[in-house]
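# Analysis of the macromolecular model
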Amino acid sequence: MAQRMLPGPGSLRRVSFGLSDVAVFLGAIGLLALIAKVGAGAFTSFAPPQVVPAVSLDPRNLPYYAGRSTLRMFIGLAASLVFTFAYGYAAARSRYAERILIPLLDILQSVPVLGFLSITVTGFIALFPGSLLGLEAASIFAIFTAQAWNMAFSFYQSLRTLPSDLVEATAAYRLSYWERFVRLEVPAGMIGLVWNAMMSFGGGWFFLAASEAISVLNRSYTLPGIGSYVAAAVTAKDMPALGWAVLTMAGVIFAIDQLFWRPLVAWSDKFRLEQSASASPPQSWLYDLLRGSRLAGFAGALWTPVSDAASGLLSSLTQVRPRRAPGPRGVIADRVYTLALVVLVAALVIAGVRFIFAAVGLREVVKVAELGIYTSLRVLILLAFATVIWTPIGVAIGFSPKLARVMQPIVLFFASFPANFIFPFATLAFLQYHIPINTGSILLMALGAQWYILFNSIAGAQSIPTDLREMADDIGLQGRQRWRRLIVPGIFSSWVTGGITASGGAWNASIVSEVVTWGTSTLTAAGLGAYIAEATSKGDWPRITLGVGMMSLYVVCINRILWRRLYALAERKYHL
Amino acid sequence: MSDLIRAVDVSKFFPLPEGKGEFTVLDGVDVRVDAGEVVALLGRSGSGKSTLLRIMAGLIPPSSGSVESSGRTVDGPNPDVAMVFQSFALLPWLTVIENVELGLEARGLGRTERTKRALKAIDTVGLDGFESAYPKELSGGMKQRVGFARAFVVEPKVLFMDEPFSALDVLTAENLRGEIDELWNAGTFPATSVLIVTHNIEEAVFLADRVVVLGTNPGHVRGTVTIDLPRPHDRNAARFRELTEYLYNVMTTPDMPVASAEATPARPKSGGETRSPFARPLPHVRVGTISGLLELIVDMGTGQEVAGLAERLALPVDDFLAILDAAVLLHFAEVSEGCVTITPAGRYFATATIQDSKTLFRQQVLEYVPIVATITRTLVSKENKTMKADFFLDLLDEYYPAAEAKAQFNTAIEWGRYAELFEYDAVEERLKLGEATAAA
């Protein structure tokens, strides 16, 4: 445990490059070269809008396309991170900001953001006229929307639940706001942040695939990437190309998991708030390699003076000022603020409703509401089936530690695999066996959503204490009784978490799974998702607004009526 | 006189929920810390001693009055002070040395100077060799040593300690307390003065030159006791025992005046009898614990000294006094002149069978615990004999901050349930009259 703090006289002689250093050196050089090559592509392929870059179906181009897509994913992640810090900090620090930002976040989290894709694509294209940078930005923004809300909410939550003694200690030792941020606030939120970023990264792939090839306002846009490769393969009915794409995608997800998320998770374990060591800390070979390498330590030492200077500057800019006496104006200002908010929201709602009614009329609104019922039914059926099928399997896996160790990463992998890569295969099957898309689309939505149910069932079963299971064995609880008395109550909380996530995923997926194509044949289901997709490709703004608004209304209502209550019940009664 | 820090007429109110007025934690408190002395703030829970410490450290503002430190009015974290926390308050993701350097970093010291000073402080507290360990690898006692090193390294004028030994086991606490005292007596202490908050009477007499006794409801200064013993304070000295017993006496008898060098104004007693049944706080004690204490006293013989009893039970003084309070409230025991006597009811309660002692408990509660009696009466008068918990919580909210209101409610429920006066459905959050009471 005792480790030398300062380099001793003998340490210079001991500097010799080990195998791990060679690996780290080569890895770093390789990564830089890769980013340079792929990044250059994003800049050289600027083209006037008439010249839409074609996607070649030669599988040898796939690594390059995958690289382009991956770069987008990471830029989106970085943007999400910046947003998370700013948004979460503002919401946790300012009472006024909190009252707008948190309800807004709540809505953004539950609303199918995929429906906004068309709006953002048009916006970004207008922002960068005559270049592909607009499309590039729109795609990155789509990825951003898949990640940012969860991450921001997680950071806000951890800021609100900082241990009060640590907050007091940083205040008593007069740390500046910057020092509090880097020493306390970010570390305390780190584990939640890494976990949420990792989970929503999977959602990011889904959005990426949907946003690289999109037709908006009667025009098709294509951005070189693995998502547009799939789209091109579907148009050309090129089955082998599709197979290659799925394989490449699987490889990319696996590589990013091994090279990025696992080291990050292993590293972030030190930010655990418990004062005792965790029983089985997460492992990563790359993290061990980096820690064992002197080269990485040397790079860190080079960086230290720079970071010291930067942090000193930021600290001096964010000194804690003497507090001012609280004024009596608080109450009145509060009321004025509330009134302003109410007026603003009311004005927005009225403007939106007038915009819709001016173009479509009441009958269409009723029709769209009816379509919403169809899509809701699909989501509910999906949840019911996924529960019936996956819960027993999940419980079986969760009860066996050995099985769980093997299966959990596999399930996580499936959950982060973008289901829309599988859609073409399913579509082909629907066409071949004449499966109506009205029911088939349930299957498509399930391709992505079901994994959340399975994953949370496993976690729930693992959280049932061993002594309770032994007790159940001891008194001979079996079959139905065992489920009713032990398993269902035990996994209920986890199941609710899984259900909320799965239902959110399914609503989003409805926009791309109620309309599917294979070559020239298109299958369209009756549903809100198909309505939005059609309005988007036609560029029919009032109908886009109506469709997205209606879907948001459905999602928020179902959340309030169903999920909130189940969640409260789980908290009250079935908390283990 | 060279006072380093003084609190002048400090009061603290917290607003009650939904604008129901204010809850007074501290009322007109004057406390002074002079150069070169160790001052202890001694009080039971609810005396606002930790709040007072935080106000003097500039962590929370006083509602009225002011704090002066080295002649300046404190209007933010007090630069003359370093604090040692009850829960250690170490950042788990920083190593020992990084934690110790925290305060120096905030003062903008360079990296080499920081490391040099931190290593010296770590050496002072005897943690050599643990510089790069993480807090989770350390035992409680070692964690608190890091807490001390972090405070020492900034060389504060006054070291503030908030019950620094109460989260440690008895032996570890004794050991660390002894070492800190030795450091002080050796004259190499890295601070000029010390202010320690404690509810441990022995600890106060052992460490302090002056003990400021705080009273409860609301917190106020009852008086100051000077510990006129040569340092180090010898636990076996007759005077040590005398002072300890005197302080036990003071702590168990809220109305007793404290012999004080400083004159304390006589406080008007708030009219106890006319107050609402919800205004009188219950000690948070389980019925089984009261019964346990009574049984012990019955076994040991009545007329025990409070100080001796607390020692033999090896309970935290605060917990012990709360149990005693509950027994006195229920008229199961009496305390006078620092001695506990058991009433006939108390003897019966401790020795009878479960059903009989429940019946007795029911009588005593209905007679002497107004809040439980009022809840029962309310339920009896209702047509359906039930009531939402919120109704009573709202009433309690008038007198306590939200968390304390909830705690008061839970204690009242616990006592009422034990007495079988009413039942409580925690899922529905609803009170229901007990069958026995309903039939009666």
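Residues numbered from 1 in each chain as written. Chains lettered and ligands numbered in written order. Predicted model: local features only at pLDDT ≥ 70, side-chain atom pairs only at ≥ 80, totals over all residues.

What follows concerns the overall build of chain A. The number of helices and strands found in chain A is 20 helices and four strands. Relative to the compact-globule value of 25 Å for 576 residues, chain A shows a C-alpha radius of gyration of 26 Å, a close match. Structurally, chain A occupies a C-alpha span of about 80 × 65 × 55 Å along its principal axes. Per-residue burial over chain A gives 37% buried out of 576 residues. Counted over contacts in chain A with a minimum sequence separation of 6, partners at least 24 positions apart contribute 79%. (Helix = DSSP H or I, 4+ residues; strand = E, 2+ residues; numbered from the N terminus. Rg over C-alpha atoms; globule rule 2.2 N^0.38 Å. Buried ≥ 20, exposed ≤ 12 C-beta atoms within 10 Å, placed from the backbone. Contact = placed C-beta atoms within 7 Å.)

Right, let's get into helix α8 (residues 287-300) of chain B. Residues and elements named next belong to chain B. Spanning 14 residues, α8 covers 20 Å between terminal C-alpha atoms, matching the ideal 20 Å at 1.5 Å per step. Along α8, the positions that sit buried rather than exposed are Val287, Ile290, Ser291, Leu293, Leu294 and Ile297. Along the long axis of α8, the arc covered by the buried residues comes to 160°, so they all point the same way. Projecting away from the buried face of α8 at angles above 90 degrees are the exposed residues Gly288 and Asp299. The positive-phi residue at the C-terminal boundary of α8 is Gly301, with phi of around 95°. (Expected span 1.5 Å × (residues − 1). Arc of directions from axis to C-beta.)

Pairing between the strands of a sheet comes from backbone hydrogen bonds, and it takes one of two forms, parallel or antiparallel. All names here are of chain B. With respect to topology, three strands assemble into an open sheet ordered β14-β16-β15, the strand pairing being antiparallel. Every interior strand has two partners, whereas the edge strands, β14 (386-388) and β15 (422-425), have only one. Here the strands of the sheet are splayed against their neighbours by 20° on average, with no regard to which way each runs. Relative to strand β16 (residues 430-433), β15 is paired through four bridges, and the arrangement is antiparallel. Bridging across to β16, Asp425 finds its partner in Arg430. (Pairing = 2+ DSSP bridges. Axes fitted to C-alpha atoms, helices over the stretch in contact; angles between N-to-C directions.)

Here the focus is the pairing of strand β4 (residues 64-69) of chain B. All names here are of chain B. In the sheet, strand β1 (residues 3-15) pairs with β4 via five bridges, with the strands oriented antiparallel. What sits directly across from Ala7, in β4, is Val67. When β4 meets strand β5 (residues 72-73), the two strands line up antiparallel, connected through two bridges. Residue pairing for β5: Ser69 is matched across the bridge by Arg72. The antiparallel hairpin formed by β4 and β5 contains two residues in its connecting segment, where Ser70 sits at a positive phi of about 50°.

This paragraph deals with the confidence of the model for chain A. Residue and element names in this part refer to chain A. Of the residues in chain A, 90% have a pLDDT of 70 or more, and the chain-wide mean is 83. The secondary structure element of chain A with the lowest average pLDDT is helix α1 (residues 11-14), at 41, and the one with the highest is helix α3 (residues 62-93), at 92. Considering only residues more than four positions removed or in separate chains, one finds that residues 1-15, a stretch of pLDDT under 50, has ten contacts. (pLDDT = per-residue confidence, 0-100.)

By size, the foremost hydrophobic cluster in this structure holds 132 residues, and its most contacted members are Phe160 and Val211 of chain B. Sorting elements by how many residues they give to this core places helix α10 (residues 317-329) of chain B first, with seven residues. Setting aside residues up to four positions removed in sequence, Phe160 of chain B forms contacts with Leu53, Ala57, Val81, Ala82, Met83, Val84 and Leu195 of chain B. Judged by nonpolar contacts, the second largest core, of 119 residues, contains Leu62, Tyr374, Leu382 and Ala415 of chain A. (Core = buried A, V, L, I, M, F, W, Y, C linked by C-beta atoms within 7 Å.)

Let us look at the interface of chain A and chain B. Taken residue by residue, the interface counts 32 residues in chain A and 31 residues in chain B. Among the secondary structure elements, those contributing two or more residues to the side of chain A that touches chain B are α7 (164-172), α8 (177-212), α12 (294-317) and α20 (541-573) of chain A. If one sorts the elements of the side of chain A that touches chain B by residue count, α7 of chain A sits on top with six residues. When the residues that make up the side of chain A that touches chain B are grouped by side-chain class, the tally is 16 nonpolar, five polar and eleven charged. (Nonpolar A, V, L, I, M, F, W, Y, C, P; charged D, E, K, R; others polar.)

The next point concerns the sheet that holds strand β10 (residues 220-226) of chain B. All names here are of chain B. Strands sit in the order β6-β7-β8-β3-β9-β10 across an open sheet of six strands; the sheet is mixed. Bordering the open sheet on either side are β6 (81-84) and β10, each of which pairs with just one other strand. Put simply, the sheet's adjacent strands are angled 20° from each other on average, direction ignored. Two elements, strand β3 (residues 38-42) and strand β9 (residues 210-215), share four bridges in a ladder whose sense is parallel. Its bridge partner lying in β9, Val39 is registered against Arg210. Packed on one face of the sheet, helix α4 (residues 140-152) meets β6 and β7 (158-162) and runs near 175° to β6.

Looking now at unusual backbone geometry. Residue and element names in this part refer to chain B. Pro218 follows Asn217 through a cis peptide bond whose omega is -15°. Looking at the secondary structure, you find Pro218 in the loop between β9 and β10. Residue Pro232 follows Arg231 across a cis peptide bond; omega there is -10°. At Asp9, a residue that is not glycine, the phi angle is positive and equals roughly 50°. Structurally, the position occupied by Asp9 is in strand β1. Asp9 gets classed as exposed once you count the C-beta atoms within 10 Å, which come to 12. Positioned with a positive phi, Ala89 is a non-glycine residue whose angle comes to about 55°. Its location among the elements puts Ala89 in the loop between β6 and α2 (96-106).

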